[in-house]
Amino acid sequence: MWILYAFGSACFAGLTAVLAKCGIEHTNSHLATALRTIVVLIFSWIMVGIVGSFDTIHTITHKTFLFLILSGISTGVSWLCYFKALQQGNINKVTAVDKTSVVLTIILSLIFFKESVTVYKIIGTIILTTGTYLMVEKKEDNKQTNNAWLLYAVLSVIFASLTTILGKIGITNIESNLGTAIRTSVVLIMSWIVVFVTHSQMNMKSIPKKEYLFIMLSGLATGGSWLCFYHALQSGPASLVTPIDKLSILFTVLFSYLIFHEKLSKKSLLGLILIVFGTLIMLL
């Protein structure tokens, strides 16, 4: 069953990247992150109410609370970096870099959870990394010389991997929807602190109504992705749940072509094929 939730997470995550890109065209990325987190938080606590797990909050141990908070902080940093990269770079390239978190997650899963590293995972990791390189490689006709997005994308990868590991530990003895809601509360606090520190709240009145809509929709997509991901993570191995989740790149590439008309070069298309192929090999 966890496999179905993992694929559900991939679908919603693919929509999140595209909807978020639509919502930050003229909007400060920090402010957009904080606004969409409000939607995710409301959505998460509604799910807690639906499954009736709120009454179990008093049974949560201090250790669980600690790792949920750390996971939330790591998520917040990862989000801030990811959407900053998304605002500055090509959506397909940013998403491709994001997929390399699979490699770091597998390494951390081996260290912390003693999950097995099979030949398939090693081969899949090599193929996935090669595919990512092909997608990120700068095209000759690309006039953009600012590569700052790449730094933010790499930082997003690091903290995204930490989020998975910390989240896996934090939801071991807690209902997954409740754990997601608690983590989201931490992300909300952290994202608004960043907004006020950078004085981004001053731009709230200037946000176009259209972008408000896309920010809200991306928040709903994120909420759906998180709930599916952490439900899968609770019962499935982190080194397998994460690769499935990263298949969201297929949805991202499709919608970025339809909405932003971002076309893949032959190298990028080959890279995409290798990323998907490498991910599927990991699941053997």
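Everything numeric here is computed off the predicted structure, so don't read it as measured data. (Residues numbered from 1 in each chain as written. Predicted model: local features only at pLDDT ≥ 70, side-chain atom pairs only at ≥ 80, totals over all residues. Heavy atoms only, no water.)

### A few points about the overall build of the chain
Line of reasoning, step 1. Counting secondary structure elements, the chain contains twelve helices and zero strands.
Line of reasoning, step 2. In summary, the chain has a C-alpha radius of gyration of 18 Å against a globular reference of 19 Å for 284 residues, a match within 12%.
Line of reasoning, step 3. Overall size of the chain, expressed as C-alpha extent along the three principal axes, is 60 × 55 × 30 Å.
Line of reasoning, step 4. A total of 284 residues make up the chain; the buried ones form 54% of that total. (Helix = DSSP H or I, 4+ residues; strand = E, 2+ residues; numbered from the N terminus. Rg over C-alpha atoms; globule rule 2.2 N^0.38 Å. Buried < 20%, exposed > 50% of the residue type's maximum accessible area, 1.4 Å probe, protein only.)

### Observations regarding the side chain of threonine 164
Line of reasoning, step 1. Within the fold, threonine 164 resides in helix α7 (residues 148-170).
Line of reasoning, step 2. When sequence neighbours within four positions are dropped, the list of residues in contact with threonine 164 reads Thr105, Phe229, Leu233, Ala238 and Thr242. (Contact = heavy atoms within 4.5 Å.)

### Quick look at the side chain of threonine 125
Line of reasoning, step 1. With respect to the element layout, threonine 125 can be found in helix α6 (residues 119-136).
Line of reasoning, step 2. From its side chain, threonine 125 meets the backbone oxygen of lysine 121 in a polar contact 2.6 Å long.
Line of reasoning, step 3. Sequence-distant contacts of threonine 125, defined by excluding residues within four places in its chain, comprise Val103, Ile106 and Met282. (Polar contact = N/O pair within 3.5 Å; in protein donor to acceptor, adjacent residues only side chain to side chain.)

### Brief notes about the packing of helix α3 (residues 62-88) against α7
Line of reasoning, step 1. One way to put it is that α3 packs onto α7 with a least axis distance of 7 Å and a crossing angle of 160°. Between α3 and α7, the angle falls in the class roughly antiparallel. For the crossing formed where α3 meets α7, the hand is left-handed.
Line of reasoning, step 2. Along the lines of polarity and charge, the residues of the contact of α3 with α7 split into 17 nonpolar, ten polar and two charged. (Axes fitted to C-alpha atoms, helices over the stretch in contact; angles between N-to-C directions. Parallel < 35°, antiparallel > 145°, perpendicular 65-115°, else oblique. Left-handed = near helix turned anticlockwise from the far one by under 90°. Nonpolar A, V, L, I, M, F, W, Y, C, P; charged D, E, K, R; others polar.)

### Examining helix α11 (residues 248-260)
Line of reasoning, step 1. Here α11 spans 17 Å end to end across 13 residues, near enough to the 18 Å set by a 1.5 Å rise per residue.
Line of reasoning, step 2. Inspection of α11 places Ser248, Ile249, Thr252, Val253 and Ser256 among the buried residues, and these make up the whole buried set. Buried positions in α11, seen along its axis, are confined to an arc of 135° and lie on one side of it.
Line of reasoning, step 3. Here the buried face of α11 lies against α1 (2-23), α4 (91-98), α6, α10 (238-245) and α12 (266-282).
Line of reasoning, step 4. Just past α11, the residue histidine 261 takes up positive phi, approximately 60°. (Expected span 1.5 Å × (residues − 1). Arc of directions from axis to C-beta.)

### As for the confidence of the model for the chain
Line of reasoning, step 1. Taken as a whole, the chain shows an average pLDDT of 85; of its residues, 96% reach a score of 70 or greater.
Line of reasoning, step 2. α11 is the least confidently modelled element of the chain, averaging 79 in pLDDT, while helix α8 (residues 176-197) averages 91, the highest of any element.
Line of reasoning, step 3. Low confidence marks residues 139-145, where pLDDT is under 50. Its contacts with residues over four positions away, or in another chain, come to eight contacts. (pLDDT = per-residue confidence, 0-100.)

### Quick notes on the packing of aromatic side chains
Aromatic rings in a pair are described by how distant their centres are and how their planes are angled relative to each other.
Line of reasoning, step 1. What the rule picks out here adds up to six aromatic pairs.
Line of reasoning, step 2. Judged by centre distance (5.2 Å) and plane angle (80°), the ring pair of tyrosine 82 and phenylalanine 83 falls under edge-to-face.
Line of reasoning, step 3. Geometrically, the ring pair formed by phenylalanine 229 and tyrosine 230 is edge-to-face, given 5.1 Å between the ring centres and 90° between the ring planes.
Line of reasoning, step 4. Judged by relative accessible area, phenylalanine 229 falls into the buried class, the value being 9%. (Phe/Tyr/Trp six-rings, centres within 6.5 Å; stacked < 30°, edge-to-face > 60°.)

### Some remarks on unusual backbone geometry
Line of reasoning, step 1. Look at histidine 199: it is not a glycine, yet its phi comes out positive at around 60°.
Line of reasoning, step 2. In this fold, histidine 199 is placed in the loop between α8 and α9 (209-235).

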